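Coordinate inspection notes
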Amino acid sequence: MQLFVTIFQLLCGLCLILVVLFQSGKSAGLSGSIGGVADSFLSKNKAKTADAKLARATKWIGGVFIVLTLALNVI
């Protein structure tokens, strides 16, 4: 049982690393302050973008990783 959870946690950790690396940077710099109006116009479809899906996947995989870590601590 412990071996199965350890292998699953290893795979989950690798997936978490990959998902975080695939995300784009959040620093907009000067162009982000100038294009604020366009950003609010385009934010309607923000939940459908790849970055939003990657952020959601990061939260879920991170949660599973934490649960697996706690389970290994109890075992």
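Structural notes, computed from the coordinates. (Residues numbered from 1 in each chain as written. Predicted model: local features only at pLDDT ≥ 70, side-chain atom pairs only at ≥ 80, totals over all residues. Heavy atoms only, no water.)

Focus on a nonpolar patch on the surface
Among the surface-exposed residues, Leu3, Ile7, Leu10, Leu11, Leu14, Ile17 and Leu21 lie close enough to one another that they form a single nonpolar patch of about 740 Å² accessible area. Owing to a relative accessible area of 55%, Leu10 belongs among the exposed residues under this scheme. (Patch = residues over 30% accessible without salt bridge, like charges linked within 9 Å, V, L, I, M, F, W, Y side chains within 5 Å. Areas by Shrake-Rupley, 256 points an atom, 1.4 Å probe, with all protein chains shown as cover. Salt bridge = Lys/Arg side-chain N within 4 Å of Asp/Glu carboxyl O. Buried < 20%, exposed > 50% of the residue type's maximum accessible area, 1.4 Å probe, protein only.)

Side note on the packing of aromatic side chains
Here the structure, examined in full by the defined rule, presents one aromatic pair. Between Phe4 and Phe8 the ring centres are 6.4 Å apart and the planes differ by 10°, which places this aromatic pair in the stacked class. Placement of the pair is Phe4 and Phe8 together in helix 1 (residues 2–22), with a separation of four residues, close to one helical turn. Overall, the relative accessible area of 58% leaves Phe4 in the exposed class. (Phe/Tyr/Trp six-rings, centres within 6.5 Å; stacked < 30°, edge-to-face > 60°. Helix = DSSP H or I, 4+ residues; strand = E, 2+ residues; numbered from the N terminus.)

Remarks on the packing of helix 1 against helix 4 (residues 50–74)
Where helix 1 meets helix 4, the axes come as close as 9 Å, and the angle between the chain directions of the two elements is 155°. Taken together, the axes of helix 1 and helix 4 are roughly antiparallel relative to one another. The two elements helix 1 and helix 4 cross, and the hand of that crossing is left-handed. Across the interface between the two elements, Gln2, Val5, Thr6, Phe8, Gln9, Cys12, Gly13, Cys15, Leu16, Val19, Val20 and Phe22 of helix 1 pack against Leu54, Ala57, Thr58, Ile61, Gly62, Val64, Phe65, Leu68, Thr69 and Leu72 of helix 4. When the residues that make up the contact of helix 1 with helix 4 are grouped by side-chain class, the tally is 15 nonpolar, seven polar and no charged. (Axes fitted to C-alpha atoms, helices over the stretch in contact; angles between N-to-C directions. Parallel < 35°, antiparallel > 145°, perpendicular 65-115°, else oblique. Left-handed = near helix turned anticlockwise from the far one by under 90°. Contact = heavy atoms within 4.5 Å. Nonpolar A, V, L, I, M, F, W, Y, C, P; charged D, E, K, R; others polar.)

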